[in-house]
Amino acid sequence: MADYANTSEENLTSYQETRKPFYVRHKRWVICGGVTLIFLVIFLPVLFLVIIPKIIQGIVDASAISFTSASLSNVTVTSFRLSGNGTISNSGSIPATITTENPIILSWNGKNLGSLPGLPPISAGQGGDVALSINDIVSVSNEDNFANFAAYLLNNKNFTWTLTTSVTVTALGIPFKGISLNKTVTLNAANQFSNVAIQSFDIPGDTSDGKGISLVVNTAITNPSDIDFDLGDVTFSLYYSEQQIGSLVGKAVKLAKGPNTLSLTGSLTTTTPDGLAAVGKLFSNYIKGQASLTKVVGSSATNNNINIPWLSSSLKSLELVVALPGKALPLITSISLGDTDVDITPETAYSPILTAPSIRATYQLPFPFTAVPLQAGQALTLYNTDGGAIGSLTTALAPVQTSNEPFVILLGVSAPLVAIDNGNFENFFSEVTNTESVSFGLKGTVDTVVRTAIGEVKLTGVPVDVSTSLSGLNGLKSTPVSIANVVVIGGDANGITINTDTGLNNPSTSKIILNSDAVFDLFFQDAKIGVVTLPWLTLDRGANNVGAVVYYSPVRGAEAAGKAFLTGYVTNQALTVTIRGNADTTTSIDSLRSAFSQISLDAGIPVLGKTVVAGAALSIPANIAQTSIAKSAVTVNNPFAAQLAILTIDSDIKYSGRTIGAIRNADLRSNPIVVPGTSTVTREGIDVKLNTGVGDIVWLLETAAKANNVDLGILKTLLDLLLQITGSTTDPARAAAAQFTAEDKAAGTRGSRLPAKRDVALVERADEDITALIFKALAGLKVDLDITSTLKVGDYQTSLSFPQNGIPATLDNSVLKLIGAVGGPLVQYIVDQSTLSFSSTELRDLADTGFALKAIGKISNTGPLTANIKFTQPVQVAWLKPDGSALPLGSLPLPDITAVPAGADLNTDGRFSISNVGNFAQFTGYMLKSKEFTWQITTDYATVNALENTFTNVKLNKKVTLAGFNGLDQLTISNFDLPSDDPAGGISLNINAVLVNPSSVSIELGKLTFENYFKGELVGPVTTDGSVFLQGNSNNALSLKGRITPRTGTADTVALAELFGLYLSGQPAPLTVRGKDVTPPNGNYVNWLVPVFKQLELTVSLPGENPIKPLVKSIAINDFNLDFKSGAFNPLTTSTNIVAAFLPPFGFPINVVSVAQELTVYHHDVAIATISVPFNDAKTDISTNLITTGISANGGTPPRFAVIPGAEAAYIGFIGETLQSASSTFGLKGKLNSYALTGAGRLPLFGLPLDVSTTIVGFNNFGGTVKSDVVSFFLDDTIARTTVRSILPSDSPVTVIAGKVKFQIQYTGIGTYNPENAGKVITLGDATIEDLTITKGDNAAVASAGFDIAGVLPEMVIFEFIDSFIFNGAGVAVDIVGTEDSTDIPSLKPVFAKIRLATSIKYNGEGLRQGGSIIDQLARIGIRPRTNTTTTIPSTASPTAAATGSPVPASPTAEASSSPAPSASPDANTNSTAGSIDLSVGLQSASSPSAISRSIYTVACAAVIGLMMAAF
């Protein structure tokens, strides 16, 4: 590099000596100077005396004055201050000063308004607008004119002032007086301040004198005028509905241009009827939230308490229509109705009179002024909580009372409540009647008259919207209903009439006056047995004692309940009846039908306290053993006031809970037992049938003796012996040995009373008085009667079944005739009461004819005696079907059994013979599917040895219930595997499972074959590995092998794919397992088993993969193309080589042939983009499980790498990291859809999860340094352009298509010419690449660069950069620097802004001006080398140089004589941003005398020519 700063003094001196003298080279200066002098002597007087004044007047006339702002302030009677700022435009280009000579006359519409003292000096002629400022007093010359103007100003859109005066203009140092100034200025006027709105409105209270209502109004007012108004104190009159209702005053009113807030205070003072009506309407609208258009009219204006006539006059013309916004306020905040009376009749069902004498209403006032309510009237609608209208309540104005509490009024209402919606009206009264409280809304309006400081004001239509409530009747069940004084007064053919006193409590504050009867249904045991009439019912608040009339008459279907009611009553039971409303009959008031129909009251009936049967006497005849009939006398008591007649009697007679006899069907209708009201009658001769069995008699004696504490002694021994001999029992539940209950059998009470053996000697002991013992035992006997009788109460006939307990039974000596009876058989009882059970059974050696059966069981409940049971023939076995019918199955031999009191074990090992294969197949199917099954085992040929007797042909009939297989529904797959393709086709399948057998039946099944189905499609068969013995009550492990069969259609393919999908996503899949075949170990085909097994269908859950393993281990992206020209944040994306490492979940091969992807890209754990890739072909290396695929349009538009909204910054960060770093790691999450070739066919595997992290090689900022070379260079006096080719190396597989980009070329000074320039960085210009695409490898980027070196460190540019660029063979070091403006693509702007690449460029020997040496061309811009080097450039512009081909010598004269020829860059056809450079600026920095002289000459000539052009 040539160092010009260090050029030696010797060389500089040599250079200067070679220069020609100044006077030789510039003779033109002498000629130009002479001509100019002569011209000036002639021209200047004409110029300054004639031409320039005319020019100035023309400029003044052409100029315009405008004001951007102005203000009127300090208003007085005769003046005001005018301040303003504006501009003078078109003031010409000659610098001048303008001063006013006289005051400025201000006029409007030809009328003189006043005058201004003048304007401050104005500097004009600067080639632009001149600022103008005014701040002076305007003297009002005519108040009327100004008042008219002010009125116009306030009420119109704009106005025009005329400013007239004379001025002096000083230009070029010469004053020019008498210049006329006449200008019009148009400004925006107030236009009635049309945009006026009330911001806030307040009534703080009454005025201090108590005669008015204070007002405070804050108003938003927009001044559209260009003038700020300082109006002083302004008074306005306030109008509404054409009535003046008050006044407002604004203090020190200032209205600046634009929005203003005007605070006004005043009062409402009107007292006239029309004025008060207007105030009432205004207040009513405000409270209702409705805007009211008020009118504000200017009245007067004062300043310092002095009236300004002209301003006051103008204000009176100002009328402002201002909307006072309403503010919907809940004036009435709550309403409490207090006690209410509802007076209702059938005729007024939907318009009852509602009387509420003590309504309490709370209210609030929007402002704290005096307002005392005097009257109120309302038009209200009741609404339910769902918003449905119930009814309306309307009252006229009526006086109200004020409460001691603030803001509370008391009033009374008595008016019809008129239904609006009958359904809602009925529901409302239903809630009032049947709930504790009913909430409802009151909406409507209230009219009220209030006393205020200005008089009585009526507010109309004040909205009311409150919620209130009434305490309800709660169905009249808050307090239990009481019934007293029950009197049965009579009966007719249909029922019984009963009078009662009924106590009802009304907890509500509402009194219901029905003006009619209320008839309720009477229920007992949920059956209607009559009605209860409450005559002319009124339900007052609190307790009500109502005389009720009960009419007992059960409806059809309620007869049993009615009889139960009468039975309970006459048997002294505590009875509860229910009184229920009926929508049809309870009331004739339609609106209350629903309400009363919901009433349901439980009431207790007082206990009667008497029995109907007072006593009985019994006489035993001699033939009792043959007939069992005795005679009795019965005493009957009538507890009713009505007559009682007994027509028939049927009754069991019991003692201590056991029946000892009965009166059977005693028909007394020909001679009934008639008992007058509240009387007693005895009837004799009624037959009684006694239980005369030995056990009955023994039991009666023993029980009665025990009750009387009598020791029977020897009688007890005799009775026990008798029982043993006859086989009778004293069990209280039965009279004979047979047909005992299960409880009897379990308790074994009968057998426990028998002695172990006979003791005949005891019979001979007769020294005790047996007769006396019998009388003692039976003394004071009281019996219980279960009576069923036909009777009549009055004329009402009914039949009742009612017990009478504790009835005295009188016995005479005939009781001794009861001894002597026979017993019944015992053996059959013992057999019948026993139970048979099996704890386990085992079936082997299955065949159509039967099977080997081993069973372990037990016979229980065999009684207290020891017995031996033999089965002479096999027992018959039948299956008890669910419908109860018995289906014969076959026979089974049983061994002999010895029964002891504890029971007997039963162990059998024999062969079950099947009698009917079809029946057994049906049974087997049921046993296989059901939880349990029951066998019936029967025989008529059992022999029993007991009590030293042998009893033949004893019958055995036992039911045995065993646990069934319950469909074998507990099949669990513990694991399964698909190890390989199956040789038979498809995929091999191995399953390990556990099958739970819930049955106690074990069965040897053999080899089992199943078919597996998923969603109705066959998956494939499996067969057990070996023979299966299904152990009862056990978990049975199964090992099965089979295959997944090849797919043959769409449905089974989709099903298998979904099955795989569920497994891979960790979700269980429901399989249906169906029995296919069963082969026992003996090889038999069992007809009762195989078809049934084929019906077996199990539902099993195939477990999902756990833990879920990733299907894709990793992804390698080997190329990735992003076309940012197609979208900044959603570029089109393609790839031809993406390799995924696949992890198959099983051993069978999977060949993925097509892949689609729905992915989300994560960078630093932030989701930045999505990419949706349609199906692309894929290749799978089965040996390595590597899948190769790509990203392509697949016939459509390529997918886009689309940013996730909100993640733009992270998206840019990812791109930046890829560009700047050696690598970038990011995550891919989403779903893969694929098609794969398997042994089972081509399967769609959709929704496969993907979650991997991958790393891609980045651009690494292209290594930070790039190689560059100059393709072309161009330089002349004003232009320096170059085309540079840079090599951008990339190892990244990412291709970025960025389009047009530009980078700055920066040069860092090294200080060779001036040390101060070392380290300073300048931008030489921009390098533009028209279409940048970066791929893997070396990318040649051709850029057109323009260097602008005119105004930034010119010395460094000229002497360092160009010197190094041209003369230094190593080139010059520059930086390629990105900025935010490097690209128009938003997502790449921050990324490219970080690019900074170092490179070096050097001159390629081309591009300087053609024709002449390089030294000469550089010398023209002030650059000279230290040695006289001559370089010739062939000329194409000079004919001589082109013809001769001789070089042009590089001499100093060449600079002066040569005329610059236009030259073009060799790359002129390329699109570049080459900038033009004015190199003449650089000459000054080089201190070139030649350049300086040329500049002076040029300026001088231009000045003379300019003056001449201006003059003419």
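About the thresholds
- Residues numbered from 1 in each chain as written.
- Predicted model: local features only at pLDDT ≥ 70, side-chain atom pairs only at ≥ 80, totals over all residues.
- Heavy atoms only, no water.
- Helix = DSSP H or I, 4+ residues; strand = E, 2+ residues; numbered from the N terminus.
- Contact = heavy atoms within 4.5 Å.
- 1 Å grid on protein atoms, 1.4 Å probe; cavity = no way out; pocket = protein on both sides within 12 Å on 5 of 7 lines; lining within 4 Å.
- Points joined across faces, edges and corners; volume = space filled by probe spheres on them.
- Nonpolar A, V, L, I, M, F, W, Y, C, P; charged D, E, K, R; others polar.
- Salt bridge = Lys/Arg side-chain N within 4 Å of Asp/Glu carboxyl O.
- Buried < 20%, exposed > 50% of the residue type's maximum accessible area, 1.4 Å probe, protein only.
- Expected span 1.5 Å × (residues − 1).

## A short note on the overall build of the chain
Line of reasoning, step 1. Secondary structure assignment for the chain yields 27 helices and 80 strands.
Line of reasoning, step 2. Taking contacts inside the chain between residues at least 6 apart in sequence as the whole, the part at least 24 apart equals 70%.

## What about empty space enclosed by the protein?
Line of reasoning, step 1. Its volume calculated, the largest cavity comes out at about 540 Å³.
Line of reasoning, step 2. Lining of the largest cavity is provided by 43 residues; of these, Ile332, Ile335, Ala361, Gln378 and Val446 occupy positions nearest its centre.
Line of reasoning, step 3. When residues in the lining of the largest cavity are grouped by element, the largest group, 6 residues, is from strand β26 (residues 437-452).
Line of reasoning, step 4. For the lining of the largest cavity, the residue count by class is 38 nonpolar, 5 polar and no charged.
Line of reasoning, step 5. Computed from the structure, the second largest cavity encloses a volume of approximately 460 Å³.
Line of reasoning, step 6. Around the second largest cavity, the lining comprises 34 residues; the ones closest to its centre are Ala616, Ile653, Val688, Val783 and Leu785.
Line of reasoning, step 7. Residues of the lining of the second largest cavity, tallied by class, amount to 29 nonpolar, 4 polar and 1 charged.

## Digging into the environment of Ile306
Line of reasoning, step 1. Looking at the element boundaries, Ile306 is found in strand β16 (residues 306-307).
Line of reasoning, step 2. Separated by 73 residues in sequence, Ile306 and Asp233 place their C-alpha atoms 9.5 Å apart.
Line of reasoning, step 3. Sequence-distant contacts of Ile306, that is, excluding residues within four places in its chain, are made with Val77 and Ala301.

## Quick notes on the pattern of salt bridges
Line of reasoning, step 1. All chains considered together, the criterion is met by 22 salt bridges.
Line of reasoning, step 2. When the shortest N-O distance is used, the salt bridge between Asp590 and Arg593 registers 2.9 Å. One end of the pair, Asp590, and the other, Arg593, are both in helix α9 (residues 590-597), 3 residues apart, so they sit about a helical turn from each other.
Line of reasoning, step 3. We classify Arg593 as partly exposed; its relative accessible area is 24%.
Line of reasoning, step 4. Shared partners join several salt bridges into a network, and the residues in it are Asp339, Asp341 and Arg541.

## As for helix α18 (residues 1050-1064)
Line of reasoning, step 1. Here α18 contains 15 residues, and its C-alpha end-to-end distance of 21 Å stays within 8% of the 21 Å for a straight helix at 1.5 Å per residue.
Line of reasoning, step 2. Counting buried residues in α18 gives 11 out of 15 residues, a clear majority hidden from the surface.
Line of reasoning, step 3. Among the residues of α18, those classed as buried are Asp1052, Thr1053, Ala1055, Leu1056, Ala1057, Leu1059, Phe1060, Gly1061, Leu1062, Tyr1063 and Leu1064.
Line of reasoning, step 4. One or two positions beyond α18, positive phi appears at Gly1066, with a value near 80 degrees.

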